[in-house]
Amino acid sequence: MTELLNEKYRDQLVTWIGKPCHFRLLYKISRDGCSAPTFHQKCDGQGATVTVLYNTNNTIYGGYLSQSWNSSGAYINDSNAFLFRLQYNGSSNPLKFPINQPTYAGYGVGGYGPSFGGGSDMNTFTGSVSSSGNYFPLNGNVSSIGSYYSLNGQNSNSITNNNLQVTDLEVYQVKDGSDPNRTKMAESSLLDKPWRKFSEFNAETANKLKEELVDYGPDSETGVTAANVLLIGQIGAGKSSFFNSVNSIFRGKITSKARSGNFEHSLTTVYRKYSIKDHNSGQNLKIRLCDTRGLEEEFTIDSQEISYILDGNVPDRYQFNPSSPFTTETFGFIRNPNLEDRIHCVAFVVDGSTIDVIPEKILKQMKAMQSRMNQRNIPQVVYLTKLDKVCPMVEEDAGHMFHSSAVREAVDKIADVMGLPRGFVLPIKNYESETTLNQNIDILILKALKQTADFADDYMEEQVEKLAAEYGRERKEKE
Ligand SMILES: Nc1nc2c(ncn2[C@@H]2O[C@H](COP(=O)(O)OP(=O)(O)OP(=O)(O)O)[C@@H](O)[C@H]2O)c(=O)[nH]1
Ligand SMILES: [Mg+2]
């Protein structure tokens, strides 16, 4: 389960707390359920914590206590406590609001979720709250914010939008000392020589790749109008974000047509065959990206189901249903798919920052799928995402990708695990929080897509040859 608090905001909180420290996730409503008893069970007695709320305005706010939460029914006295805002309406905008009456820093009552200022400044919820689809409509109150904390000219609207509909609420334990993982990251070095030969990161490369993709089309001999690329991988790996990133590049601005984000279960539940429109020429690319439901330990894409997807039996907008997999009887089953309908290349989308902890069950699923693909000779690549989280230098500039030793390590590891040649692992960074396009991010994504299209071509060509050979054989047999 991914933690939503990004490195930048963690660093900001560390600065405010004022001593080396790092964060460990204790409680998360989208994972653990939104319930006061669960919150207390997980967070009481754990020392200092930060509580972070993510509301549907894309505003991030919360509070810090240096004292433990408890369920004693009394106020928590804490002169170090503060409330904060990290982001407002999608833009980074950090502000700290210090406590002014330490005796009322927090409210330690079993029936209350995290609650600051004696319950009146920021009372997040009481009892339990059910999710309403995409968000939790918290039943607390933030309208009296500023009672025991100093707002320095801000008000409840400018801190929280007065909005307690949150996509998530997380409580992190604040541990002393710097994060051992971060220290490892800071040590990851930039190599003098790139570890893979790659095009120059400049405008010329970006334009050339774009042109090549706009001009791309399967060989007319194949009779196929567009290459079908299947995106498959663990929940939250960045499948939908990849489509959104490609779409943004050809749109000329950031868009998010496919829903992406972090949820307990896969956000994508419908099979979608997306076309990409190049807004310069007004034409669609001759590549379709087929987005699938994310793999989870308890939810698998049934291996017969994957065969149906590969063979082109599954229609666009099919709703994945874990309790009843796709069969020949499912509505919309495409009976006689031809080469046009089939998958021509598979891209496994893998989160590069969590390779070491891919659950065994997920790996097994991916292996089983690979064997179905191998039976059909369908080429496979890996889109290795989130490498900005693996290497701070890549976060700063995606053009550092092939100089980063940490990225090289991740690429080697996943190539090994998947049994694919290293060159088939394509390191990228998706657009996630950016608001404008970036040339070097574009180049990595375009290059990955181009390489995929080339593989798809190889597959189609081979299929045409195979059909021709079969046809020739049939004719001979008839003579
Ligand atoms: N830092 C970073 N975050 C990313 C990257 N790619 C995706 N994300 C984030 O990861 C989260 C999950 O991304 P999605 O694109 O929804 O993942 P998905 O594979 O479609 O997930 P499901 O549809 O739920 O299976 C989102 O919050 C994205 O913003 C990346 O390259 N770097
Ligand atoms: Mg998705």
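Residues numbered from 1 in each chain as written. Chains lettered and ligands numbered in written order. Predicted model: local features only at pLDDT ≥ 70, side-chain atom pairs only at ≥ 80, totals over all residues. Heavy atoms only, no water.

Asks: How should the overall build of the protein be read in this particular structure?
Replies: Across its full length, the protein carries twelve helices and 19 strands. Considered along the principal axes of its C-alpha atoms, the protein spans approximately 95 × 55 × 40 Å. Expressed as a percentage of the 479 residues in the protein, the buried residues total 50%. For the protein, restricting intrachain contacts to residue pairs at least 6 apart in sequence, the fraction spanning at least 24 positions comes to 71%. For the protein, the accessible surface area stands at approximately 21300 Å², while carbon and sulfur atoms represent 44% of it. Each charge sign in the protein was given a centre, from 49 positive and 56 negative side chains, and these centres are 2 Å apart. (Helix = DSSP H or I, 4+ residues; strand = E, 2+ residues; numbered from the N terminus. Buried < 20%, exposed > 50% of the residue type's maximum accessible area, 1.4 Å probe, protein only. Contact = heavy atoms within 4.5 Å. Areas by Shrake-Rupley, 256 points an atom, 1.4 Å probe, with all protein chains shown as cover. Lys, Arg positive; Asp, Glu negative; His and termini not counted. Charge placed at Lys NZ, Arg CZ, Asp CG, Glu CD.)

Asks: Quick question: what am I supposed to make of a positive patch on the surface here?
Replies: A cluster of basic side chains, namely R251, K253, K257, K277 and R317, defines a positive patch on the protein surface. Relative to the helices and strands, K253 is located in the loop between α7 (239-251) and β15 (272-278). By relative accessible area, K253 is classed as partly exposed at 46%. (Patch = residues over 30% accessible without salt bridge, like charges linked within 9 Å, V, L, I, M, F, W, Y side chains within 5 Å. Salt bridge = Lys/Arg side-chain N within 4 Å of Asp/Glu carboxyl O.)

Asks: I keep staring at the environment of Y64 and nothing clicks. Help me out?
Replies: Locating Y64 in the fold gives a position in strand β4 (residues 60-65). A residue is classified by how much of its surface remains accessible, and Y64, at 4% relative accessible area, is buried. A C-alpha to C-alpha distance of 9.2 Å links Y64 and V174, two positions 110 residues apart in sequence. Each residue touching Y64, except ones within four places of it in the same chain, is listed here: I17, A48, T49, V50, N80, A81, F82, F84, F116 and V174.

Asks: Would you explain the side chain of N313 in this entry?
Replies: Within the element layout of this structure, N313 appears in the loop between α8 (303-311) and β17 (345-351). If sequence neighbours within four positions are ignored, N313 has contacts with Y308, F326, G332, F333, I334, R335 and P337.

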